[in-house]
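Below are the chains, spelled out letter by letter.
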Amino acid sequence: LLLLVFLLVKPGIVLAAKAYQLIEEWGGPGSTDGLLNYPSGMAFDSSGKLFVADTQNNRIQIFNPDGTFFDKWEADFVGSAEPSDVAIGASGFVYVTDAYWHKVMKFNSAGTMVDSWTGLTAVPGSQLSHPVGIALDASENVYVVDQYNDRIQKFTSSGTPTLTWGSSAGSDGLDPGEFDDPAGIAIDGNGKVYVTDFEADRIQRFDKDGNFEQMWGSTGSNNGEFREPWGIEVDPGGNILVADRTNSRVQKFTSNGDFLSKWGVTGTITSPSLYIRPRGIVMDAVGDILISDSINHYIKKFSYLDVVTKPTGSILINGGAISTNIGAVSLKIHAQDVSGNDPKSMRFSNTSAGLATAGWEPFGLNKGWVLKGTKGVNTVYAQFKDNYGLISNTVSDSINLTKDLTGGGDAKEKLEVRVATPRFPTRYHNRTDFKVHWAAYGTVPASGVSSYDLRYKINRKGSWRILLSKTEKKSLKFKGKRGKTYRFQARGRSGDGKVWGWSKVKRTLIAYDNGQYIKSRRRFNINIKKKKTGKKYYLNTVRRSTRRGDYVTYRFKGKAFYVVGTMGRYYNYMDVYINGKFEERVNAYSHKTRYRKVIFGKSWPKMATRTIKLVNVGNKKKSDLDGVYVLR
């Protein structure tokens, strides 16, 4: 079974081993009754029936408490309607946000729409643009997340606007009380309003009048950090549950933002049974938690049950290599506790018996290790311990040591350095600026690391140039030139004066302007210069097509080619041809507009001159090309 863990512990004492365990799921991709397409917000009515915003199927679906299909409402969701969230009042009225038509819809319990309000043509100042989250207070006032206007709007139950707060003029903001694409909203028993700030990766709390009180969170995957939080719920104890969407987990906080616990599962999108992307979150009357898994198109229900399961894991020496001639190796570590999260600690030994006395250390994904050093098969043993104190079974991996190293000590010391650079610096307005990071890893010599050297070269045939020498820095902001490929290496110097070998090469590609390499084109020549979009596009590089059949052909010499473009609701398909042969159809559609995204990439084993043709195959939709990368 798929498990989500929740801890009940006091420091140093294990009181209980309990976990949120998957007990039921329903849905699946499709459009027939009971199937889902990108489910989002959810709400329970007084009888325990679950209402689900089946967003891409343009409808509301209703399920019985056991998950069986009960009913659907779709007659009023016309055209490209996108129901995004649901709220149900004590009166029995059901309120739904429609992100596509920019409005709130009000239904009676029989599914008849009795009111709707606030589209783009509403009273000036109270219009909605892409409304998503919705919540009701005890008086059935309606709070709406007006996402693209970066604000919260409050209405009476009949749609009269009474209050607005958030960013000024609908612009993204990061100050307290401002928003950068807010998404989810929840109200506690005291009238406090909690909002997930989707792009800013934080939670904000307000009083019932919209006055800012507190915020917490930042970008990341540690406790209390988020990656695109969306749904939010308040449990009966006043604690806050957040659907941490891109981190594939739920986090729990006090009402003041103090981290309490987290639960989630590991896996990849290619293993749907182990992978969740929670968007909506709701708790039922008995305390079970339901999430809408928007990637896999399921509703998943978790119950808080007793469970005792040891952590599991594995280790890999030198990435699975068969042999080595040095005793210093690297261990790649994978392990998880019953929740699918990292265990608390780990220990290692060169003998199975030695594990019992080996010391515990904090869990990590990589570790330097020194083999026993005798010629032949050398084995490393490992165990993992979770927060309950449960210890895994022993795991191991072996490698063949080609020469004996015991005569002069256990094994040779080794100082290895890793370099990290962005493959494409697409997140910067100035696309030639990016950061280079480097640091020692694994087992360091006893004398420690005294300094580093950093070097780079431009393109494949360039010469290496020393950028920094004997520096204690571990990062650098670098400014390159358009159209170039930069390669970086670093090395360490130990405290005894020894200079160690250079690291593996890391590459960063800088984009050309879109106008470079163009051999021929039909239209694809509208250059966007609007001030409002200047910080989102690469300036003066966008070539836009709005007609089916428009094309642009590039001719270049390189080993790889990447296209940077804009994705969004009004962007469409492009066909890609390489040397005259059809390669693939690229879909630039996205629920939210996203700038400077790599929408196509292709690499080859050898350097050669090639042509790539991009053809607009949409119908009255746009194709925007910002720039191209060529690996040289």
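Residues numbered from 1 in each chain as written. Predicted model: local features only at pLDDT ≥ 70, side-chain atom pairs only at ≥ 80, totals over all residues. Heavy atoms only, no water.

Asker: So what's going on with the nonpolar core? Which residues, and what values?
Answerer: Membership of the largest hydrophobic core comes to 20 residues, with the highest contact counts inside it found for F561, I612, L614 and L625. With 6 residues, the top contributor of residues to this core is strand 47 (residues 551-567). Counting residues in hydrophobic clusters, the runner-up holds 18 residues, among them F348, V395, I399 and L401. (Core = buried A, V, L, I, M, F, W, Y, C linked by side-chain atoms within 4.5 Å. Buried < 20%, exposed > 50% of the residue type's maximum accessible area, 1.4 Å probe, protein only. Helix = DSSP H or I, 4+ residues; strand = E, 2+ residues; numbered from the N terminus.)

Asker: Give me the lowdown on the environment of S40, citing residues and values where you can.
Answerer: With respect to the secondary-structure elements, S40 resides in strand 5 (residues 39-44). The class for S40 is buried, based on a relative accessible area of 1%. Sequence spacing of S40 and S84 is 44 residues, and the spatial spacing of their C-alpha atoms is 5.8 Å. At a separation of 3.0 Å, a polar atom in the side chain of S40 contacts the main-chain carbonyl oxygen of S84. (Polar contact = N/O pair within 3.5 Å; in protein donor to acceptor, adjacent residues only side chain to side chain.)

Asker: Hey, could you go over the environment of F524 for me, with residue numbers and the actual values?
Answerer: Here F524 lies in the loop between strand 44 (518-522) and strand 45 (526-527). For the pair F524 and S545, spaced 21 residues apart in the sequence, the C-alpha separation amounts to 4.6 Å. Discounting chain neighbours no more than four positions away, the residues touching F524 are R543, R544, S545, D550, Y551, V552, M574, L614, N616, S623 and L625. (Contact = heavy atoms within 4.5 Å.)

Asker: Residue-level account of the sheet that holds strand 23 (residues 249-253), with values.
Answerer: As summarised here, the arrangement of the 4 strands in space is 21-22-23-24, forming an open sheet in which the pairing is antiparallel. The two strands at the open ends of the sheet, each matched to only one other strand, are strand 21 (229-234) and strand 24 (259-264). Going from strand to strand, the sheet's axes swing by 20° on average, the running direction of each strand aside. Alignment of strand 22 (residues 240-244) against strand 23, held across 5 bridges, turns out to be antiparallel. Within strand 23, the position partnered with I240 by the bridge is F253. (Pairing = 2+ DSSP bridges. Axes fitted to C-alpha atoms, helices over the stretch in contact; angles between N-to-C directions.)

Asker: An account of the sheet that holds strand 37 (residues 433-441) is needed here, citing residue identities and associated values.
Answerer: Strand order in the open sheet formed by 3 strands is 36-37-40, and the pairing between neighbours is antiparallel. Each having just a single partner strand, strand 36 (416-420) and strand 40 (475-479) make up the two edges of the open sheet. Across the sheet, the axes of successive neighbouring strands diverge by a mean angle of 25°, strand direction being ignored.

Asker: Tell me about the side chain of Q61, and name the residues and values.
Answerer: Relative to the helices and strands, Q61 resides in strand 7 (residues 59-63). At 3.0 Å, the side chain of Q61 and the side chain of D54 are in polar contact. When near neighbours in sequence (up to four residues on either side) are disregarded, Q61 contacts D33, G34, L35, L36, L50, F51, V52, D54, F69, D71 and K72.

Asker: Just give me the short version of the packing of aromatic side chains, but keep the residues and values in it.
Answerer: On inspection of all chains with the given rule, the structure shows 29 aromatic pairs. Here the aromatic rings of Y554 and F561 are separated by 5.6 Å at their centres, their planes lie at 50°, and the arrangement is tilted. Across this residue pair, the class does not change: Y554 and F561 are buried. Each residue in the set Y143, W165, F179, F206 and F212 is aromatic and connected to the rest through ring pairs, giving one cluster. One cation-aromatic arrangement involves K106 over F93; the distance from NZ or CZ to the ring centre is 4.4 Å. Residue placement shows R279 over the ring face of W230; its charged tip is 3.7 Å from the ring centre. (Phe/Tyr/Trp six-rings, centres within 6.5 Å; stacked < 30°, edge-to-face > 60°. Lys NZ or Arg CZ within 6 Å of the ring centre and 35° of its normal.)

Asker: Describe unusual backbone geometry, naming the residues involved and giving the relevant values.
Answerer: Residues apart from glycine generally show negative phi values, whereas peptide bonds are mostly found in trans. Although it is not a glycine, D201 adopts a positive phi angle of roughly 55°. The topology assignment puts D201 in the loop between strand 18 (193-197) and strand 19 (202-206). What makes D201 buried here is its relative accessible area of 7%. Of note in the backbone geometry, N459 takes a positive phi value of approximately 65° without being a glycine. Considering the arrangement of structural elements, one finds N459 in the loop between strand 38 (449-458) and strand 39 (465-471). For N459, a relative accessible area of 13% puts it in the buried group.

Asker: So what's going on with the environment of R277? Residues and values would help.
Answerer: For R277, the location among the structural elements is in the loop between strand 24 and strand 25 (278-283). Judged by its relative accessible area of 15%, R277 is buried. Non-local contacts of R277, meaning those with residues more than four positions away in its chain, are made with R245, T246, S248, S292, D293, S294 and I295.

Asker: Mind laying out the side chain of N350, listing which residues take part and the relevant values?
Answerer: Structurally, N350 can be placed in the loop between strand 31 (345-349) and strand 32 (361-362). Of note is the side chain of N350, whose polar atom sits 3.2 Å from the backbone oxygen of V370. The contacts of N350, once residues within four sequence positions are left out, are W369, V370, L371, K372, T379, V380 and Y381.

Everything listed here is a matter of coordinates, which is why it stays silent on function.
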